[in-house]
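What follows is each chain in one-letter form.
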Amino acid sequence: MKRSLLILTGLCVSFLFLTIQPSEAKMKTGEVVSKFSDMNIQIFGSATTQPIFVANPDFNDESTPLEYIGDTGGNYADHSIRQQLRLGLEGGGENWSFMTLLEGEFVMDKDNVDRTRDVGADEGWDAPSGVYGDQFGIEALVLTYDFNTFGNSPVTLESGWSIKGLDLATGGLVYGDDHPYLGLTGSFNDVDWALRYHTIEEDLETTDSELISQEQDWRFYSLKFNIPLMNQNLNVSPFYAYSDNRERDAKIHYVATEFFGTLGRLTPRAEFVYVTGEKANYPATDEDADVSSYAAFASLEYKVSSSFQPYFGGYLVAGDDDANDSEINAYNGITDGQFATPTFGNPNAFAYKTVESLGTIVYSMLPALLGNDLANGPAPWVVGTGYGGVGNTSSAYHPGLTSIGAGFKGRWDKFDYKVQFQYLMFTETGAMEDLTGTEIDDEMGSELSANLTYRFNPHFSLGTTLSLFSPGNGTQDILEAKYPDTGGDWDEIALCNYIEMTWRF
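Quantities reported herein were computed from a predicted structural model and do not represent experimental measurements.

**What about the overall build of the protein?**
Broken down by element type, the protein carries five helices and 25 strands. Sorting the 505 residues of the protein into buried and exposed places 46% on the buried side. Long-range pairs, those at least 24 residues apart, make up 62% of the contacts in the protein with a sequence separation of at least 6.

Shown next, in the form of structure tokens:
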């Protein structure tokens with residue numbers, strides 16, 4: 001009897017399972033299809049292996065604490081191998097879409113590629129806990145719904161976390177990063193607009209279940225327009241961003257505009273940013289400080305042919321002139337990202353890495369970390385005294401940047417290349433002179449970088465980026481003042497070489 005009941009129950013469950021399955025779920029052997037017939041799904045991915053070689057990142061032939069550079073995968077000294085693996089899934093249907101991207105990125109060694117890193121923890125070994133492989137997780141998520149067919153409303157709702165840039169089409173001075181966001185986008189009379197809320201820090205201080213404060217929060221709001229000009233060949237793109245940076249006691253307004261497009265063979269790009277606001281509890285005076293600063297970028301590119309496109313341009317970014325007053329004139333972006341911009345951007349160039357000897361942090365070539373350690377005494381050098389920047393680490397005292405550069409790029413057959421030179425100066429050294437107690441020259445240094453990539457086919461490419469950075473007298477003055485007992489001269493040329501092997505599928 002019991003066996004008969006089991007057989008009958010099994011038949012009933014099987015019947016119900018078969019009847020409730022949608023007809024679109026029928027599959028042939030070996031197929032993977034969507035549960036729904038009204039949507040498409042695609043899988044994609046890439047794997048990049050980068051052997052990296054670094055020499056003299058501290059500009060000194062003696063041993064110093066600055067002999068490394070930092071990147072998104074970790075820190076490199078001498079030579080390392082960076083690995084990045086991405087696996088994505090995207091799809092959608094009528095009026096909606098999604099994309100999610102899994103990523104693992106790390107400097108390879110035995111421990112971080114092994115998924116049993118915590119084996120020895122219970123036996124008293126000094127081993128990290130957790131099962132990593134390494135830290136493979138969701139890097140990006142994009143969700144959208146277009147309300148165009150719902151009451152003919154020209155609005156698209158979006159959510160997730162992925163690269164959203166306010167000014168990556170020009171100088172990358174304000175924001176370009178993948179923080180979580182909620183947004184509305186749309187267009188009217190050919191004018192595109194985007195309204196977004198971004199959350200960067202959301203750290204609530206609590207004890208038991210009682211909320212103490214939200215002083216570690218950092219959020220910002222942005223509104224951007226893109227207005228086509230002259231038959232849509234040129235664009236002017238004004239935008240506004242409000243940074244509510246409670247972690248740095250700062251409420252900051254960014255008012256900016258971009259200009260970009262084409263005029264025949266010419267491609268002009270320009271950006272201007274004005275910053276105003278207030279920072280409470282300013283360390284220099286123990287009172288509130290007024291923020292007033294600016295940053296600008298301009299470049300011009302000429303297309304001789306697809307294989308040769310010369311360009312030139314530069315940056316003008318304000319620095320602070322007095323470390324002891326209650327005004328902050330040094331420019332801090334939200335997350336500035338010059339490394340990804342179309343003119344001087346080169347993701348694997350030396351100046352776009354975290355280089356402690358220059359005061360730069362990954363994504364940005366601004367010396368925006370300079371002054372943090374001097375102002376904060378024994379505090380770590382990465383602590384921000386300003387009101388933003390990558391990781392909220394920028395300084396209120398840094399000397400700013402004035403640069404001029406030129407280069408050429410192009411594509412010939414299966415080769416892509418880019419060669420450029422940039423000469424970098426400090427805009428204002430007054431605050432740094434107050435902190436170091438010494439006179440500082442305005443020369444930051446110069447960089448020559450070259451990239452060459454050969455695409456064997458759509459699925460594999462091999463490339464290299466070589467950077468040479470010569471420190472200027474101003475950089476040497478700062479390093480000598482900060483490390484007077486190190487020995488050696490701070491005038492060695494730094495070398496950085498990235499080899500890049502990329503598989504796409």
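The rest of the description comes next.
**Some points on the packing of aromatic side chains**
Applying the stated criterion across every chain yields a total of 21 aromatic pairs. Here the aromatic residues Trp412, Phe415, Tyr454, Phe456, Phe460 and Trp503 are joined through ring pairs into a cluster of three or more. Positioned over the ring face of tyrosine 311 is lysine 409, at 5.8 Å from the centre of the ring.

**Considerations on the pairing of strand E5 (residues 96-107)**
Across the 12 residues that make up E5, a large majority, nine, are buried. Where strand E4 (residues 79-93) lies against E5, 12 bridges are found, and the strand directions are antiparallel. Bridging across to E5, glutamine 83 finds its partner in phenylalanine 106. Remark: two residues form the turn of the hairpin made by E4 and E5, two consecutive strands paired antiparallel; asparagine 95 in that turn has positive phi of roughly 75°. Two elements, E5 and strand E6 (residues 137-146), share eight bridges in a ladder whose sense is antiparallel. From the neighbouring strand, glutamate 103 faces E6, where its bridge partner is glycine 137.

**A short note on unusual backbone geometry**
Trans peptide bonds make up most of the peptide bonds, and negative phi angles are found at most residues other than glycine. Of note in this structure, phenylalanine 59 is not a glycine but carries a positive phi near 65°. Within the secondary structure, phenylalanine 59 is located in the loop between strand E1 (40-55) and strand E2 (69-71). Backbone geometry places aspartate 249, a non-glycine residue, at a positive phi of 55°. Looking at the element boundaries, aspartate 249 is found in the loop between strand E15 (234-245) and strand E16 (250-261).

**As for the environment of leucine 452**
By the secondary structure assignment, leucine 452 is in strand E23 (residues 443-457). Through-space distance from the C-alpha of leucine 452 to that of valine 419 is 8.6 Å; in sequence the pair is 33 residues apart. Ignoring sequence-local partners within four residues, the contact set of leucine 452 consists of Phe415, Asp416, Tyr417, Leu462, Gly463 and Thr464.

**With respect to a negative patch on the surface**
There is a patch of like negative charges on the surface, built from Glu278, Asp286, Glu287, Asp288, Asp290, Asp321, Glu327 and Asp434. A per-element tally of the negative patch places strand E18 (residues 287-302) first, with three residues. With respect to the secondary-structure elements, aspartate 286 resides in the loop between strand E17 (266-282) and E18.

**So, the pattern of salt bridges**
Once their charged atoms are close, side chains differing in charge can pair, the charge on each being opposite to the other. Under the definition given, this model contains 15 salt bridges. The shortest N-O distance in the salt bridge between arginine 86 and glutamate 103 comes to 2.5 Å. With arginine 86 in strand E4 and glutamate 103 in strand E5, this pair connects stretches of sequence that are 17 residues apart. Take arginine 86: its relative accessible area is 28%, and that puts it in the partly exposed class. One salt bridge in this structure joins arginine 219 and aspartate 217, with 2.9 Å as the shortest N-O distance. Summarising the burial analysis for this pair, arginine 219 and aspartate 217 share the class buried. A single salt-bridge network, built from bridges that share partners, covers Glu158, Lys164 and Arg196.

**So, the side chain of threonine 267**
Relative to the helices and strands, threonine 267 is located in strand E17. Residue contacts for threonine 267: discarding those within four places in its chain leaves Gly261, Thr262, Ser299, Leu300 and Glu301.

**Here's the deal with the environment of tyrosine 175**
Along the chain, the position of tyrosine 175 falls in the loop between strand E8 (164-165) and strand E9 (176-177). Residues tyrosine 175 and glycine 389 lie 214 residues apart in sequence; the distance between their C-alpha atoms is 8.9 Å. Here tyrosine 175 is in contact with Lys164, Gly165, Leu166, Asp167, Leu168, His198, Phe220, Ile334 and Thr335, once residues within four sequence places are set aside.

**Considering the pairing of strand E19 (residues 309-317)**
Alignment of E18 against E19, held across seven bridges, turns out to be antiparallel. Counted as the bridge partner of leucine 300 is phenylalanine 312 from E19. Hairpin connection of E18 to E19: six residues between the antiparallel strands. Here E19 runs beside strand E21 (residues 401-412); their pairing, made up of nine bridges, is antiparallel. Residue pairing for E21: glutamine 309 is matched across the bridge by lysine 409.

**Digging into a nonpolar patch on the surface**
Among the surface-exposed residues, Leu229, Met230, Leu263, Leu266, Tyr302, Val304, Phe308 and Phe408 lie close enough to one another that they form a single nonpolar patch of about 670 Å² accessible area. Inspection of the secondary structure assignment puts tyrosine 302 in strand E18.

**Structural notes on the environment of leucine 166**
Tracing the chain through its elements places leucine 166 in the loop between E8 and E9. For leucine 166, a relative accessible area of 5% corresponds to the buried category. Sequence-wise, leucine 166 and leucine 223 are 57 residues apart; in three dimensions their C-alpha atoms are separated by 9.0 Å. When near neighbours in sequence (up to four residues on either side) are disregarded, leucine 166 contacts Val174, Tyr175, Phe220, Ser222, Lys224, Phe239, Ala241 and Glu258.

**Looking at the nonpolar core**
Counting 63 residues, the largest nonpolar core has Val174, Tyr254, Tyr331, Ile334 and Phe350 as its most contacted members. The contacts of phenylalanine 350, once residues within four sequence positions are left out, are Pro57, Phe59, Ile69, Val355, Leu358, Glu447, Ser467, Phe469, Ala494 and Cys496.

Thresholds, definitions, all that
- Residues numbered from 1 in each chain as written.
- Predicted model: local features only at pLDDT ≥ 70, side-chain atom pairs only at ≥ 80, totals over all residues.
- Heavy atoms only, no water.
- Helix = DSSP H or I, 4+ residues; strand = E, 2+ residues; numbered from the N terminus.
- Buried < 20%, exposed > 50% of the residue type's maximum accessible area, 1.4 Å probe, protein only.
- Contact = heavy atoms within 4.5 Å.
- Phe/Tyr/Trp six-rings, centres within 6.5 Å; stacked < 30°, edge-to-face > 60°.
- Lys NZ or Arg CZ within 6 Å of the ring centre and 35° of its normal.
- Pairing = 2+ DSSP bridges.
- Patch = residues over 30% accessible without salt bridge, like charges linked within 9 Å, V, L, I, M, F, W, Y side chains within 5 Å.
- Areas by Shrake-Rupley, 256 points an atom, 1.4 Å probe, with all protein chains shown as cover.
- Salt bridge = Lys/Arg side-chain N within 4 Å of Asp/Glu carboxyl O.
- Lys, Arg positive; Asp, Glu negative; His and termini not counted.
- Charge placed at Lys NZ, Arg CZ, Asp CG, Glu CD.
- Core = buried A, V, L, I, M, F, W, Y, C linked by side-chain atoms within 4.5 Å.

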